[in-house]
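# Analysis of the macromolecular model
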Amino acid sequence: MEPAPIPATDATVTRPGRRRVLRWLGGLTVVSTVAMVVTPVLGFLVPTRSGRAVAGGKVLVATTADIPAGGGKVVAMGSAPAIVVNTEQGLRAYSAICTHLGCVVAWNDLIGAIQCPCHDGRFNPASGAVISGPPPAPLPPLNVTVEGDQIFLSEA
Ligand code: FES
């Protein structure tokens, strides 16, 4: 004698619907994971609008009123920090990333030099050369151009 067929219950009737929902959620999880991985990679490879230079590769960073004689200021050159100093020889600009361990340097009015806050590395404002401290190399220079009262920087 054969066993009687098991009658369909509500649970067996709704199982394909649950599987479909679980598959859909699984697919959504895969798509979300891929998006979380791809988005930062694309953000790194494609520069943002704020990181783009204007025509000629120049980036407007400040006005001459922002950096008086004998002063200096860290500015944003796109997404990278730069430092502009107003020396006796004129405006000079360098990457503001310390060549020791990558801290952002700053202008120090008291010592009249560019100083790294991390290990007290000091740089000559007129040349970017290391004056003292652990930095192994000078700050990389940037080109400075002034148009009217606007200061532009570009890669050297
Ligand atoms: S990171 Fe600048 S002196 Fe060490």
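The sections below set out a description of the structure shown in this document. Everything numeric in this text was worked out from a predicted model, so none of it was measured.

## Focus: the overall build of the protein
Counting its secondary structure elements, the protein contains one helix and ten strands. In sequence order, the secondary structure elements of the protein are arranged as α-β-β-β-β-β-β-β-β-β-β. Across the 156 residues that make up the protein, the buried fraction comes to 22%.

## A short note on the sheet that holds strand β8 (residues 130-132)
Within the open sheet, the four strands sit side by side as β5-β6-β7-β8. Their pairing is antiparallel. Edge strands, defined here as strands with exactly one partner in the open sheet, are β5 (106-108) and β8. When strand β6 (residues 113-115) meets strand β7 (residues 122-123), the two strands line up antiparallel, connected through two bridges. Of the residues in β7, the one forming a bridge with I114 is F123.

## Some thoughts on the pairing of strand β9 (residues 141-147)
Pairing of strand β4 (residues 90-95) with β9, which is carried by two bridges, proceeds in the antiparallel orientation. The residue of β9 that forms the bridge with Y94 is P141. Pairing geometry for β9 and strand β10 (residues 150-155), over six bridges, is antiparallel. Opposite V146, over in β10, you have I151 as the bridge partner. Hairpin connection between β9 and β10: a loop of two residues separates the two successive antiparallel strands, and G148 in this loop has a positive phi of roughly 65°.

## Here we look at the environment of L101
With respect to the element layout, L101 can be found in the loop between β4 and β5. Expressed as a C-alpha distance, the spacing of L101 and H119, which sit 18 residues apart in the sequence, is 9.1 Å.

## Here we look at the nonpolar core
Generally speaking, nonpolar side chains in soluble globular proteins are found buried as a group. V61, A82, I83, V84, A93 and L153 are the most contacted members of the largest nonpolar core, which totals 24 residues. Counting residues per element, the ones that place at least two in this core are β1 (59-63), β2 (72-77), β3 (80-87), β4, β9 and β10. Here the element with the most residues in this core is β3; it accounts for four residues. Among residues more than four places away in sequence, those in contact with A93 are A82, I83, V84, L142, V144 and L153.

Conventions used here
- Residues numbered from 1 in each chain as written.
- Predicted model: local features only at pLDDT ≥ 70, side-chain atom pairs only at ≥ 80, totals over all residues.
- Helix = DSSP H or I, 4+ residues; strand = E, 2+ residues; numbered from the N terminus.
- Buried ≥ 20, exposed ≤ 12 C-beta atoms within 10 Å, placed from the backbone.
- Pairing = 2+ DSSP bridges.
- Core = buried A, V, L, I, M, F, W, Y, C linked by C-beta atoms within 7 Å.
- Contact = placed C-beta atoms within 7 Å.

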